[in-house]
Amino acid sequence: MDDNKLVLKPKKVVFLDVDGTIAPFDAPIPQSAIQAIRMARQNGNRVLLCTGRSRAELQPQVMSIGFDGMVGAAGAFVDIDGTDVFFAKLREEWVAEIIDYFDKHHIHGFFQCPAMTYARQRSLDAFSAMLGMSVTSSQRDGVVIPGIVAKENLYECRDVTKIFFLSETTLVEEVRKHFSGRFMVINNTIGLPMDKSGELSQLGISKATGIEIVLKHYGCDIADSIAIGDGYNDLEMVEYAGTGIAMGNGVDSLKQIADYVTTDINDDGLYKAFRHVGLVD
C-alpha cells in the first residue's frame, strides 16, 4: 500500500461472515441481503467479508455483490480495496505433522492456500457424500464450494493458511486435545456434523485480529466496527467488534455474547441487522 495515498475514514466498517450470514446453505442469497450491503456502501460505510473461506472458495454470486475487501481464512490474510495487507501461513513442518496425524486417525483434510484449496479425491468424495451434493466442478452434480481441487500428495501444498477437516469416526474434541496449545481448533457449522468437522488454524490468528488490521488501516476505532456472523469461528469477531450481531440461525454461544440477535438468514436477517444499527433505512 502507498503510505502517501489518502484513505478516507468511513462512517462504519462492517464485517460479514459468508456461510449462514450472507449465503444460506440451502437457498440463494436473499435479495434483501444484497440490497442492504449495496445500500450501506452507498451511504459511506465500508463492508468487508470476514470468512473462514479462502479467496478461491468464494462463490461468484457472493463476490458479485461488491465489497471493500476481505478478512479471509479466519484471519490468515487481509485484503483491503484489492491490496493484500497481511498474510500468515502455517510452517511446512507443521503441515506435514498435521497430514501424518490426519492419516493415522482417518481424517479428511482440506488445505486452504491462496490460489486453491487441496484435498485428496477420497476426501472430496466423502465431503460430497456427507453434504448429499457435489463440492467441486469436476463432479457431476454442480458446485457448492469453488476453488477445491484434488491433490494426492498433500505434502506438496505450499502457503497453507488454514485447514478444514472432517471425519466419520474421529471427534473434533480429540483433534482439539491433541493440538492443544499449538493450534486453534474449532467446530464447524456448514451443514455437516459439528462434532466431526472443524477448522484448524494458527494460534493467535482469528477474524478479530483481521478486523484490528482493517480498522488501523482506515484509522477507525473499535466503536466504528460492526461484525455479523452465525458460527463458532465468529465468536472472536462478534465479541471484539464495537457492535456484535448474531444471526437468528446462529449457534447459541454466539447469541449469548452478541449485542443484538437478528432474525434468520432466510427471514431478511441481514437486512434487519443493518437497519437496526442504522446502516440502511
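For the structure itself, consult the block above.
Residues numbered from 1 in each chain as written. Predicted model: local features only at pLDDT ≥ 70, side-chain atom pairs only at ≥ 80, totals over all residues. Heavy atoms only, no water.

Honestly, the packing of aromatic side chains in this entry has me stumped. Any pointers?
Given two aromatic rings, one states the distance between the centres and the angle between the planes to describe the pair. Within this structure, the stated rule accounts for nine aromatic pairs. With a centroid separation of 5.4 Å and an interplanar angle of 50°, the aromatic rings of Phe110 and Phe164 are classed as tilted. In this pair, Phe110 is assigned in strand 6 (residues 107-112) and Phe164 in strand 9 (residues 162-167), connecting sequence segments 54 residues apart. We note that Phe110, like Phe164, is buried. Taken together, a centroid distance of 5.4 Å and an interplanar angle of 40° make the contact between Phe127 and Phe164 tilted. Here Phe127, found in helix 4 (residues 121-131), pairs with Phe164, found in strand 9; they are 37 residues apart in sequence, far enough to count as distant. Each member of the pair, Phe127 as well as Phe164, is classed as buried. (Phe/Tyr/Trp six-rings, centres within 6.5 Å; stacked < 30°, edge-to-face > 60°. Helix = DSSP H or I, 4+ residues; strand = E, 2+ residues; numbered from the N terminus. Buried < 20%, exposed > 50% of the residue type's maximum accessible area, 1.4 Å probe, protein only.)

Sorry if this is basic, but what is going on with the nonpolar core here?
Counting 32 residues, the largest nonpolar core has Leu16, Ile22, Ile37, Phe67, Ile228 and Phe274 as the members making the most contacts within it. Put simply, the parts of the chain that give this core at least two residues each are strand 1 (13-16), helix 1 (31-42), strand 2 (46-50), strand 12 (225-229) and helix 9 (269-276). Each residue touching Leu16, except ones within four places of it in the same chain, is listed here: Ile22, Ile37, Val47, Leu48, Leu49, Cys50, Phe67, Ile228, Leu270 and Phe274. (Core = buried A, V, L, I, M, F, W, Y, C linked by side-chain atoms within 4.5 Å. Contact = heavy atoms within 4.5 Å.)

In this structure, what is going on with empty space enclosed by the protein? I would like to understand it.
A water-sized probe rolled over the atoms picks out the places where empty space is left. A complete count under the given rule lists one cavity of 30 Å³ or more for this structure. Here the largest cavity defines a volume of roughly 70 Å³. Taken together, Ala74, Lys162, Met184, Ile186, Glu199, Ser201, Ile205, Ser206, Lys207, Asn233 and Glu236 make up the lining of the largest cavity. Those elements that provide at least two residues to the lining of the largest cavity are strand 10 (183-187) and strand 11 (197-202). Classifying every residue of the lining of the largest cavity gives four nonpolar, three polar and four charged. (1 Å grid on protein atoms, 1.4 Å probe; cavity = no way out; pocket = protein on both sides within 12 Å on 5 of 7 lines; lining within 4 Å. Points joined across faces, edges and corners; volume = space filled by probe spheres on them. Nonpolar A, V, L, I, M, F, W, Y, C, P; charged D, E, K, R; others polar.)

Looking at this model, I keep getting lost on the sheet that holds strand 8 (residues 148-150). Mind explaining?
The strands making up a sheet are joined through hydrogen bonds of the backbone, oriented either antiparallel or parallel. If you trace the six strands from one edge of the open sheet to the other, you get 8-7-6-9-11-10, paired in mixed fashion. Among the strands making up the open sheet, the edge pair consists of strand 8 and strand 10. If you compare each strand with its neighbour and ignore which way they point, the axes differ by 25° on average. Along the sheet, helix 3 (residues 92-104) makes contact with strand 6, strand 9, strand 10 and strand 11, crossing strand 6 at roughly 155°. Lying over the sheet, helix 4 contacts strand 6, strand 7 (117-119), strand 8 and strand 9, oriented at roughly 105° with respect to strand 6. (Pairing = 2+ DSSP bridges. Axes fitted to C-alpha atoms, helices over the stretch in contact; angles between N-to-C directions.)

In short, geometric facts, not functional conclusions.
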